[in-house]
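# Inside the fold
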Amino acid sequence: MSIPSSRQAALDSIIQALGYSFDGNILIGGNYVSVAQENHVAYVSGQIPRVGDTVVVTGRVGADVTLAQARRAAQVCVVRALLLLGQSLNGLDGISRMLRINVFVQSAPDFTQQSEVADAASDLLHTVLGKAGQHTRSSIGVYQLPKNAAVEVDMVVSTHAP
Amino acid sequence: MSIPSSRQAALDSIIQALGYSFDGNILIGGNYVSVAQENHVAYVSGQIPRVGDTVVVTGRVGADVTLAQARRAAQVCVVRALLLLGQSLNGLDGISRMLRINVFVQSAPDFTQQSEVADAASDLLHTVLGKAGQHTRSSIGVYQLPKNAAVEVDMVVSTHAP
Amino acid sequence: MSIPSSRQAALDSIIQALGYSFDGNILIGGNYVSVAQENHVAYVSGQIPRVGDTVVVTGRVGADVTLAQARRAAQVCVVRALLLLGQSLNGLDGISRMLRINVFVQSAPDFTQQSEVADAASDLLHTVLGKAGQHTRSSIGVYQLPKNAAVEVDMVVSTHAP
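Before going into details, it helps to say that this report is about the structure given with it. Only a predicted model underlies this, so the values are computations on that prediction, with no experimental measurement involved.

### So, the interface of chain C and chain A
Across the contact, 27 residues belong to chain C and 33 residues belong to chain A. Buried area between chain C and chain A, both sides added, is near 2200 Å², and the carbon and sulfur share of it is 52%. Contact with chain A buries surface across chain C, with C:Asn31, C:Tyr43 and C:Tyr143 losing the most and accounting together for 32% of the total. C:Asp154 is the salt-bridge partner of A:Arg100, the closest N and O atoms lying 4.0 Å from each other. Elements represented by at least two residues in the side of chain C that touches chain A include exactly strand E1 (35-38), strand E2 (41-47) and strand E7 (151-159) of chain C.

### A word on the relation of the copies chain A and chain B
With an RMSD of 0.0 Å, the operation that places chain A on chain B is a rotation of 120 degrees combined with a shift of 0.0 Å along the axis. Considering both components of the superposition, the chain copies are consistent with a three-fold axis. Here only 19% of the interface residues in chain A have copies in chain B that are interface residues too; the copies meet through unlike faces.

### Observations regarding the packing of aromatic side chains
This structure, assessed with the given rule, holds six aromatic pairs over all chains. Ring plane angle 80 degrees and centroid distance 6.4 Å describe the contact between B:Tyr20 and B:Phe22, whose orientation is recorded as edge-to-face. Classification of B:Tyr20 by relative accessible area gives partly exposed; the value is 22%. Taken together, the ring pairs connect A:Tyr143, B:Tyr143 and C:Tyr143 into an aromatic cluster. The aromatic ring of A:Tyr32 is capped on one face by B:Arg137, whose charged end is 3.9 Å from the ring centroid.

### Remarks on helix H3 (residues 114-129) of chain A
Residue and element names in this part refer to chain A. When the terminal C-alpha atoms of H3 are compared, their 23 Å separation across 16 residues agrees well with the 22 Å that a helix rising 1.5 Å per residue should span. Within H3, the full set of buried residues consists of Gln-114, Ser-115, Val-117, Ala-118, Ala-120, Ala-121, Ser-122, Leu-124, Leu-125, Val-128 and Leu-129. Just downstream of H3, Gly-130 is the residue with a positive phi angle, here 60 degrees.

### Section: the interface of chain A and chain B
Taken together, the contact pairs 27 residues of chain A with 33 residues of chain B. Interface area lost by chain A to chain B is led by A:Asn31, A:Tyr43 and A:Tyr143, which between them contribute 32%. One can count one salt bridge joining chain A with chain B. Linking chain A with chain B are 16 residue pairs in polar contact (both at pLDDT 80 or more). Only strand E1 (35-38), strand E2 (41-47) and strand E7 (151-159) of chain A provide two or more residues apiece to the side of chain A that touches chain B. Across the side of chain A that touches chain B, the residue classes tally to 13 nonpolar, nine polar and five charged.

### What about the sheet that holds strand E6 (residues 136-142) of chain C?
Residue and element names in this part refer to chain C. Pairing in this open sheet of five strands is mixed, and the strands run E1-E2-E7-E5-E6 from one edge to the other. Each edge of the open sheet carries a strand with a single partner, namely E1 and E6. The mean inter-strand angle of the sheet, taken between neighbouring strand axes irrespective of direction, is 15 degrees. Bridge count for strand E5 (residues 95-106) against E6 is seven bridges, and the pairing is parallel. Within E6, the position partnered with Asn-102 by the bridge is Ser-138.

### Here's the deal with the environment of A:Gln47
Residue and element names in this part refer to chain A. Inspection of the secondary structure assignment puts Gln-47 in strand E2. What Gln-47 contacts, discounting residues up to four positions off in sequence, is Cys-77, Arg-80, Ala-81, Leu-84, Val-151, Glu-152 and Val-153. Polar contacts involving the side chain of Gln-47 include one to the side chain of Arg-80, which spans 2.9 Å.

### Describing the pairing of strand E7 (residues 151-159) of chain B
All names here are of chain B. Burial analysis of E7 places nine of its nine residues in the buried class, which makes it a mostly covered element. Side chains Val-151, Val-153, Met-155, Val-157 and Thr-159 of E7 all project onto a buried face; the interleaved residues Glu-152, Asp-154, Val-156 and Ser-158 project onto the opposite face, where all are buried too. For strand E2 (residues 41-47) and E7, the ladder comprises five bridges, and the chain directions are antiparallel. Note that in E7 the partner of Gln-47 across the bridge is Val-153. Summarising the sheet, strand E5 (residues 95-106) and E7 pair through nine bridges and their orientation is antiparallel. Paired with Met-98 across the strands is Val-157, a residue of E7.

The rules behind these values
Residue indices follow the written sequence of each chain, beginning from 1 at its first position. The order in which chains are written sets their letters, starting at A; the order in which ligands are written sets their numbers, starting at 1. Local features in this predicted model are restricted to residues whose pLDDT is 70 or higher, and side-chain atom pairs enter the listing and the counts only when it is 80 or higher, whereas totals over whole chains, interfaces and linings include all residues. Water and hydrogen atoms were dropped before computing side-chain values, which therefore reflect all heavy atoms in the structure. Contact definition: two residues touch when any of their heavy atoms are within 4.5 Å. Each of two parts loses accessible area, computed with a 1.4 Å probe, when they are put together; buried area is these two losses added. Here a salt bridge means any side-chain nitrogen of Lys or Arg lying within 4 Å of a carboxyl oxygen belonging to Asp or Glu. Segments assigned H or I by DSSP are reported as helices when at least four residues long, segments assigned E as strands when at least two residues long, and all are numbered from the N terminus. A residue counts toward the fit only if its pLDDT is at least 70 in both copies, and the copies are then superposed by least squares on the C-alpha atoms of those residues. Ring pairs shown here join Phe, Tyr and Trp side chains whose ring centres sit within 6.5 Å, with only the six-membered ring taken for Trp; geometry is labelled stacked below 30 degrees between planes, edge-to-face above 60, and tilted in between. Only protein chains enter the area calculation, which uses a 1.4 Å probe; residues under 20% of their type maximum are buried, those over 50% are exposed, and those in between are partly exposed. Only lysine NZ and arginine CZ atoms are considered, and such an atom sits over a ring when it is within 6 Å of the ring centre and within 35 degrees of the ring normal. In a helix, the anticipated span is given by 1.5 Å times the number of residues less one. Two N or O atoms count as a polar contact when they lie within 3.5 Å, although within protein this holds only if one can serve as hydrogen donor and the other as acceptor, and sequence-adjacent residues are included solely when both atoms are side-chain atoms. Put simply, Ala, Val, Leu, Ile, Met, Phe, Trp, Tyr, Cys and Pro go in the nonpolar bin, Asp, Glu, Lys and Arg in the charged bin, and everything else, Gly too, in the polar bin. Pairs of strands are assigned from DSSP output, requiring at least two bridges between the strands. Lines fitted to C-alpha atoms define the axes here, with helix axes fitted over just the stretch in contact, and angles between the N-to-C directions of these axes take values from 0 to 180 degrees.

Pasting the structure below:
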């Protein structure tokens with residue numbers, strides 16, 4: 001039995017606290033991939049807060065969805081992205097530095113706390129990756145997202161492997 | 001007379017099926033460029049479904065624009081991006097790997113099939129580029145786009161040339 | 001007393017014309033950074049038109065905010081991004097090439113001049129950086145932005161330093 005890295009252990013704790021099971025592969029449907037890596041940079045496709053077949057937080061933040069629920073949605077998106085990166089890079093220690101995250105928030109017309117939603121994503125990255133998790137980000141209020149997801153997060157990461 | 005590469009031949013077939021002519025240079029108006037390349041990475045500016053001087057699919061997807069029309073719009077955006085990359089990289093064989101596409105869809109408030117719009121872009125890339133077309137993507141429902149375009153697509157590509 | 005580079009001098013002139021003071025550090029609040037640089041590429045977090053503690057242009061462009069005001073907002077965003085890059089890269093001469101800007105415009109439903117807003121950002125980059133300022137861009141009309149900002153701009157830049 002292998003001992004999880006400290007990054008993986010931190011992620012496992014977060015997943016346990018969220019109360020969702022992410023067992024099994026994360027599947028995608030179309031002619032695209034979850035992670036594309038070349039020349040020490042990996043791109044991660046936009047993740048919505050899906051667990052298994054269910055999008056667990058749907059609707060418009062500031063109307064149907066509270067700030068707290070949206071923050072939880074952002075955490076699920078980031079957990080998915082980290083799990084995908086771990087699969088692709090042979091573990092989370094393959095991440096050299098988180099370079100960019102984009103946090104898209106399906107917003108009510110007067111909801112202006114997109115940064116507070118994104119803070120939940122940023123905090124999670126700091127918890128799991130420490131200094132390597134220091135990233136730039138853009139927080140954007142959008143009109144809709146696939147499958148009525150409340151939040152979508154994508155990433156660009158620098159990697160140790162070529 | 002030069003023989004087109006298999007990638008260019010695939011793109012030519014798609015253009016013929018779309019029924020538009022993309023002859024002549026694709027012009028842009030401002031102090032920016034269509035493709036910026038450095039260190040084996042090329043960025044492509046956001047493309048709207050313009051043919052010559054006309055944006056061929058305008059309006060809000062799910063209201064004024066059907067899913068089928070939006071998918072066609074996404075295809076025109078990708079065709080434009082590939083033509084621009086071909087001009088810049090001395091042919092489509094200059095593409096090493098499609099890393100990321102962002103698909104922005106001008107959406108009706110309850111339109112949640114942004115992924116199905118983006119699938120048309122992903123499928124086209126797979127047809128033209130094969131394995132090199134395997135990309136990550138984010139699909140986003142936005143409120144408006146330049147010139148009332150229904151769809152906008154941008155790209156990041158790794159290149160063989162430095 | 002050091003002589004400012006020609007790029008810095010151009011930026012200083014623009015700041016003076018805008019009539020805002022950007023003295024002091026530009027602070028951010030969360031577990032993220034303004035600039036992340038690795039392998040000759042720097043990412044800049046999305047900038048809103050904030051001066052000190054105040055977002056100087058708020059609201060929906062095409063309704064509460066005119067095109068001229070939105071263009072001014074885009075200029076403030078780019079000034080902030082350039083100041084942050086200058087701090088991080090030991091001066092603006094550390095910029096090798098502007099690769100990408102994303103210009104997000106909080107839009108009225110029928111406002112379709114996002115490109116004209118972005119032109120103000122592109123022109124400013126050309127004025128300050130000349131040929132190195134030639135970038136790709138995506139202009140997107142979004143539903144909301146953090147703190148009700150009218151415009152948000154982020155960047156990817158290639159750098160001389162590793």
